Amino acid sequence: MIELKNITRLYRSVEVSTAALRSIDLTIAKGEFLAIMGPSGCGKSTLLNILGAIDRPTTGSYHYDGLELTRLNEANLAEFRARHLGFVFQSFNLVDDLTVQENVELGVLYRKDLKGQRSNLVEAALDRVGLAHRARHFPNQLSGGQQQRVAIARAIAGSPDLILADEPTGNLDSENGAQIMSILKGLNAAGSTIVMVTHSRAQADQASRQIDMLDGRLLLSVTRAV
Ligand code: ADP
Ligand code: ADP
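Let me begin by describing the structure that accompanies this report. (Residues numbered from 1 in each chain as written. Chains lettered and ligands numbered in written order. Predicted model: local features only at pLDDT ≥ 70, side-chain atom pairs only at ≥ 80, totals over all residues. Heavy atoms only, no water.)

Digging into the overall build of the protein
- Of regular secondary structure, the protein possesses seven helices and ten strands.
- Dimensions of the protein along its principal axes, counting C-alpha atoms only, are 50 × 40 × 40 Å.
- The buried share of the protein, reckoned over its 226 residues, is 48%.
- Sequence-distant contacts in the protein: of pairs separated by 6 or more residues, those separated by 24 or more amount to 68%.
- Total accessible area on the protein is roughly 11,000 Å²; 48% of this is exposed by carbon and sulfur atoms.
- Where the 24 positive side-chain charges of the protein centre and where its 24 negative ones centre are 3 Å apart. (Helix = DSSP H or I, 4+ residues; strand = E, 2+ residues; numbered from the N terminus. Buried < 20%, exposed > 50% of the residue type's maximum accessible area, 1.4 Å probe, protein only. Contact = heavy atoms within 4.5 Å. Areas by Shrake-Rupley, 256 points an atom, 1.4 Å probe, with all protein chains shown as cover. Lys, Arg positive; Asp, Glu negative; His and termini not counted. Charge placed at Lys NZ, Arg CZ, Asp CG, Glu CD.)

Overview of the pattern of salt bridges
- What the rule picks out here adds up to seven salt bridges.
- Ionic pairing is found between Arg83 and Asp113, a salt bridge with its closest N-O pair at 3.6 Å. With Arg83 in helix H2 (residues 74–84) and Asp113 in the loop between helix H3 (100–105) and helix H4 (118–128), the pair connects residues that are 30 residues apart, well separated along the chain.
- Residues joined by salt bridges that share partners form a network here, namely Glu79, Arg83, Arg111 and Asp113. (Salt bridge = Lys/Arg side-chain N within 4 Å of Asp/Glu carboxyl O.)

Looking at the packing of helix H5 (residues 144–156) against helix H6 (residues 174–189)
- At a minimum axis distance of 9 Å, the contact between H5 and H6 shows a crossing angle of 15°. Taken together, the axes of H5 and H6 lie roughly parallel to each other. Here the hand of the crossing between H5 and H6 comes out right-handed. Between H5 and H6, the contacting residues are Gly145, Gln148, Arg149, Ile152 and Ile156 on the first element and Asn176, Gln179, Ile180, Ile183, Leu184 and Leu187 on the second. (Axes fitted to C-alpha atoms, helices over the stretch in contact; angles between N-to-C directions. Parallel < 35°, antiparallel > 145°, perpendicular 65-115°, else oblique. Left-handed = near helix turned anticlockwise from the far one by under 90°.)

So, the environment of Gln117
- Relative to the helices and strands, Gln117 resides in the loop between H3 and H4.
- For Gln117, a relative accessible area of 37% puts it in the partly exposed group.
- In this structure the C-alpha to C-alpha distance between Gln117 and Gly158, which are 41 residues apart in sequence, comes to 10.0 Å.

Regarding H5
- Helix length check: H5, at 13 residues, gives a terminal C-alpha distance of 18 Å against a target of 18 Å (1.5 Å per residue), a fit within 8%.
- Burial analysis of H5 places twelve of its 13 residues in the buried class, the great majority of the element.
- Along H5, the residues that are buried comprise Gly145, Gln146, Gln147, Gln148, Arg149, Val150, Ala151, Ile152, Ala153, Arg154, Ala155 and Ile156.
- Each element contacted by the buried residues of H5 is listed here: strand E6 (85–88), H3, H4, strand E7 (162–166) and H6. (Expected span 1.5 Å × (residues − 1).)

Examining the site of ligand 1
- Around ligand 1 sit Ser40, Ser45 and Glu167, and that is every residue in its neighbourhood.
- Ser45 places a side-chain nitrogen or oxygen 2.8 Å from an oxygen atom of ligand 1.
- When ligand 1 sits alone it has 560 Å² of accessible area, and the protein chains cover 28% of it. (Near = heavy atom within 4 Å. Polar contact = N/O pair within 3.5 Å; in protein donor to acceptor, adjacent residues only side chain to side chain.)

Topic: H6
- Look at H6: 22 Å from first C-alpha to last across 16 residues, which is about the 22 Å you get at 1.5 Å a residue.
- Among the residues of H6, those classed as buried are Gly177, Ile180, Met181, Ile183, Leu184, Leu187 and Asn188. Projected onto a plane normal to the axis of H6, the buried residues spread over an arc of 160° and lie on a single side. Away from its buried face, by an angle of more than 90 degrees, H6 presents the exposed residues Glu175 and Ala189. (Arc of directions from axis to C-beta.)

Such coordinate-based values are descriptive only and should not be taken to indicate function.
Below you can see the structure in the form of structure tokens.
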């Protein structure tokens, strides 16, 4: 599904140049649940942003189902993201003055192909995370764990093939974190491919594969025996 070859990402400024990623080769198969770990600053977010086509590599190629993404222009990349990807962030990133329902609808707003089905898709996504009864509430009326479930509903409303999650439980207590993990595992069991950055070895152990990063490089990769 995904093939990164020789990916490098340099951040250049006047005085310094930082290599956030160095010669990354990574293949991700459909249906995988990949956990990425490593110390702060090792390049995890940069890698996730490149996988999510939010950022472009300085060198290297990114094939997604055979499509070379680094050759697409911004408009085509935006369309690609809307159709194929779902994003979940550590800080939820909900819009405070929109209701839960309206926040989730943002996940399918740019999908012209789904225009007539939006309200059904929003309802199904909220159902999936157990928050259908909160549709008319506002984010600040919900707990952190509930807000992250809304963010997951927004990410999955358009049935993306790939879910990218950057420390999705980083701002949550362990009980809410476990609930988010259980939702992600359920989505993975139902066919979604997931790439998650985490600081928790216990969470990474629940993924189908773990990759450790250091200084912009991939270290060992552990695949769980099933
Ligand atoms: P993490 O929680 O993954 O460690 P950080 O808090 O370090 O992420 O960074 C969050 C975001 O801020 C990154 O995705 C990146 O885009 C940006 N960022 C990180 N370091 C720098 C930097 N030195 N200069 C500018 N932006 C940065
Ligand atoms: P992680 O997510 O593992 O904490 P990041 O991918 O955020 O790491 O950052 C990797 C390296 O790139 C760090 O040295 C960070 O300071 C640097 N970096 C990240 N984003 C930027 C940016 N926008 N501008 C400059 N440097 C950045």
